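Descriptive structure summary
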Amino acid sequence: MALMKYCNRTGCRRLVPQGVKYCVAHTLGKTEENRQRHKEYDAHCRNQKAKDFYNSAEWKTTRTRVLARDANIDIYLYIMEGRIVPADTVHHIVELSEDYSKRCDMDNLISISEATHSMISKAYKDEAKKKAMQQTLRECMSEYKKRLAG
């Protein structure tokens with residue numbers, strides 16, 4: 001039997017399998033809410049070159065390779081806290097807007113969870129914190145590679 005937890009929606013007491021965020025009742029609304037949020041972001045904020053890249057076969061292939069390389073786990077949480085959390089995001093350590101040539105550089109990509117990505121995104125808003133976070137992410141990848149080799 002799978003491990004169960006409560007739905008992430010505040011106040012919801014429905015049980016869902018570990019690794020699933022929301023129960024069916026809240027997934028449906030959340031999915032539509034996310035679609036609308038992404039649609040607005042795409043229309044008003046997202047760089048068109050970046051949008052085209054994220055929809056490309058090149059990115060989809062690279063993303064799949066990175067997740068496989070990292071065993072589909074959040075590398076940051078694994079190294080920093082010793083926790084194994086499923087990864088659902090591949091993050092560019094050096095952002096596309098900083099250096100587009102690193103868009104598919106495997107050494108510039110790290111598998112993380114959505115929650116970790118939100119935390120990293122907040123750090124990236126301040127230039128000093130961004131540089132420190134980028135260094136931390138590089139160190140996490142270096143340590144992960146050492147553990148794989150050892």
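Since this is a predicted model, take the numbers as computed values, not measurements.

**Thoughts on the packing of aromatic side chains**
- All told, the structure shown has 5 aromatic pairs when counted by the stated rule.
- With a centroid separation of 5.4 Å and 55° between ring planes, the pair formed by F53 and Y54 is classed as tilted.
- A residue is classified by how much of its surface remains accessible, and Y54, at 29% relative accessible area, is partly exposed.
- Note on F53 and Y100: the rings are 6.2 Å apart at their centroids and 75° apart in plane angle, and the pair reads as edge-to-face. With F53 in helix 2 (residues 48-54) and Y100 in the loop between strand 3 (89-92) and strand 4 (109-112), this residue pair connects regions lying 47 residues apart in the sequence.

**Side note on the pairing of strand 4**
- Here strand 4 shows two buried faces, one formed by L109 and S111 and the other by I110 and I112.
- Where strand 3 lies against strand 4, 4 bridges are found, and the strand directions are antiparallel. The residue bridging T89 from the neighbouring strand is I112, located in strand 4.

**Points about unusual backbone geometry**
- With phi around 55°, A71 is a residue other than glycine that occupies positive phi space.
- Along the chain, A71 falls in the loop between helix 3 (57-69) and helix 4 (75-81).
- For A71, a relative accessible area of 46% translates into the label partly exposed.
- The phi dihedral of N72 falls on the positive side, at around 55°, and the residue is not glycine.
- Mapped onto the elements of the fold, N72 is located in the loop between helix 3 and helix 4.
- A residue is classified by how much of its surface remains accessible, and N72, at 42% relative accessible area, is partly exposed.

**What about helix 6 (residues 127-149)?**
- Between its first and last C-alpha atoms helix 6 spans 33 Å; for 23 residues at 1.5 Å apiece the expected length is 33 Å, and the two agree.
- All of the buried residues along helix 6 are K130, M133, Q134, L137, C140, M141 and Y144.
- Buried residues along helix 6 sit against helix 3, helix 4, strand 3, strand 4 and helix 5 (114-124).
- Of the residues flanking the start of helix 6, the one acting as N-cap is D126, its side-chain oxygen 3.1 Å from the backbone nitrogen of A128.

Rules used in this analysis
Residues numbered from 1 in each chain as written. Predicted model: local features only at pLDDT ≥ 70, side-chain atom pairs only at ≥ 80, totals over all residues. Heavy atoms only, no water. Phe/Tyr/Trp six-rings, centres within 6.5 Å; stacked < 30°, edge-to-face > 60°. Buried < 20%, exposed > 50% of the residue type's maximum accessible area, 1.4 Å probe, protein only. Helix = DSSP H or I, 4+ residues; strand = E, 2+ residues; numbered from the N terminus. Pairing = 2+ DSSP bridges. Expected span 1.5 Å × (residues − 1). Contact = heavy atoms within 4.5 Å. Polar contact = N/O pair within 3.5 Å; in protein donor to acceptor, adjacent residues only side chain to side chain.

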